[in-house]
Amino acid sequence: MDAWVWWLIAAAVLGLAEIVSVSLVFAMLAGGALAAAVVDILGGGLPLQFAAFIVVSVALLGALRPIARKHLYQPPETRTGVAALIGAKALVLERVDAHNGLVKINGEVWSARAYDGESVLEPGQTVDVVQIEGSYALVL
């Protein structure tokens, strides 16, 4: 059997090991094995195949693994609930002042107050939701 077949088998085994472990090491080694298979297909000798395996594996471990780990272990910045409303645009339905008013945020009607306590916002204006305080949206 040609050496490239052995390199592909090694890449498959390393890929399976990565699926089981999720260590992000075996995937990089599998990439090195694939590079060695390509070198063999192009006619490179065994020393050149091992050199390709080592160089590509080390390069992937040094360059790609830190990026992959960052994405794997860092949760996406997703805001949910009322926190997702902060920064949203709202339409003033009833006059909003320091004490009361109504706005529509993402299709929902919310009680609202002016964030700075001084502004008076008239119906039809588009405002920004600055904060949610209890059941009130503080807008500006």
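Please refer to the structure placed before this passage.
So, a few notes on the structure that sits alongside this text. The structure presented is a predicted model; accordingly, all values stated were derived computationally and were not measured. (Residues numbered from 1 in each chain as written. Predicted model: local features only at pLDDT ≥ 70, side-chain atom pairs only at ≥ 80, totals over all residues. Heavy atoms only, no water.)

## Points about the pairing of strand S3 (residues 108–114)
On any regular strand, side chains alternate: one points to one face of the sheet, the next to the other face.
Right, on to step 1. Bridging between strand S2 (residues 102–105) and S3 involves four bridges; their strand directions are antiparallel. From the neighbouring strand, Leu102 faces S3, where its bridge partner is Ser111.
Right, on to step 2. Here S2 hands over to S3 after two residues, with Asn106 in that stretch at a positive phi of 50 degrees. (Pairing = 2+ DSSP bridges. Helix = DSSP H or I, 4+ residues; strand = E, 2+ residues; numbered from the N terminus.)

## What about the nonpolar core?
Right, on to step 1. Counting residues in each nonpolar core, the largest one holds 15 residues, and the members touching the most others are Val96, Val103, Ile105, Trp110, Val129, Ala137 and Val139.
Right, on to step 2. For this core, the secondary-structure elements that each account for two or more residues are strand S1 (89–94), S2, S3, strand S4 (126–133) and strand S5 (136–139).
Right, on to step 3. Those residues in contact with Val103 that sit more than four places away from it in its chain are Ala90, Leu91, Val92, Leu93, Val96, Glu108, Val109, Trp110, Ala112 and Ala137.
Right, on to step 4. Grouped together as the second largest cluster of nonpolar side chains are seven residues, Ala11, Ala33, Ala36 and Ala37 included. (Core = buried A, V, L, I, M, F, W, Y, C linked by side-chain atoms within 4.5 Å. Buried < 20%, exposed > 50% of the residue type's maximum accessible area, 1.4 Å probe, protein only. Contact = heavy atoms within 4.5 Å.)

## Some words on the packing of aromatic side chains
Right, on to step 1. Counted under the stated rule, the structure contains two aromatic pairs.
Right, on to step 2. The interplanar angle of 70 degrees and the centroid separation of 5.4 Å between the aromatic rings of Trp7 and Phe50 together place this pair among those described as edge-to-face. In this pair, Trp7 sits in helix H1 (residues 3–21) while Phe50 sits in helix H3 (residues 46–73), placing the two residues 43 residues apart along the sequence.
Right, on to step 3. Residue class for Phe50 comes out partly exposed when judged on its relative accessible area of 42%.
Right, on to step 4. Ring geometry for Trp7 versus Phe53: centroids 5.5 Å apart, planes at 35 degrees, classification tilted. Linking Trp7 in helix H1 with Phe53 in helix H3, this pair joins segments that are 46 residues apart in sequence.
Right, on to step 5. Among the aromatic side chains, those forming a connected cluster through ring pairs are Trp7, Phe50 and Phe53.
Right, on to step 6. The ring of Tyr136 has Arg113 sitting right over it, with the charged end atom 4.5 Å from the ring centre. (Phe/Tyr/Trp six-rings, centres within 6.5 Å; stacked < 30°, edge-to-face > 60°. Lys NZ or Arg CZ within 6 Å of the ring centre and 35° of its normal.)

## Quick notes on unusual backbone geometry
Right, on to step 1. Of note, the phi angle at Leu24 is positive, near 65 degrees, even though the residue is not glycine.
Right, on to step 2. With respect to the element layout, Leu24 can be found in the loop between H1 and helix H2 (26–41).
Right, on to step 3. Even without a glycine there, the phi angle at Asn106 is positive, about 50 degrees.
Right, on to step 4. Residue position: Asn106 is located in the loop between S2 and S3.
Right, on to step 5. Residue class for Asn106 comes out exposed when judged on its relative accessible area of 60%.

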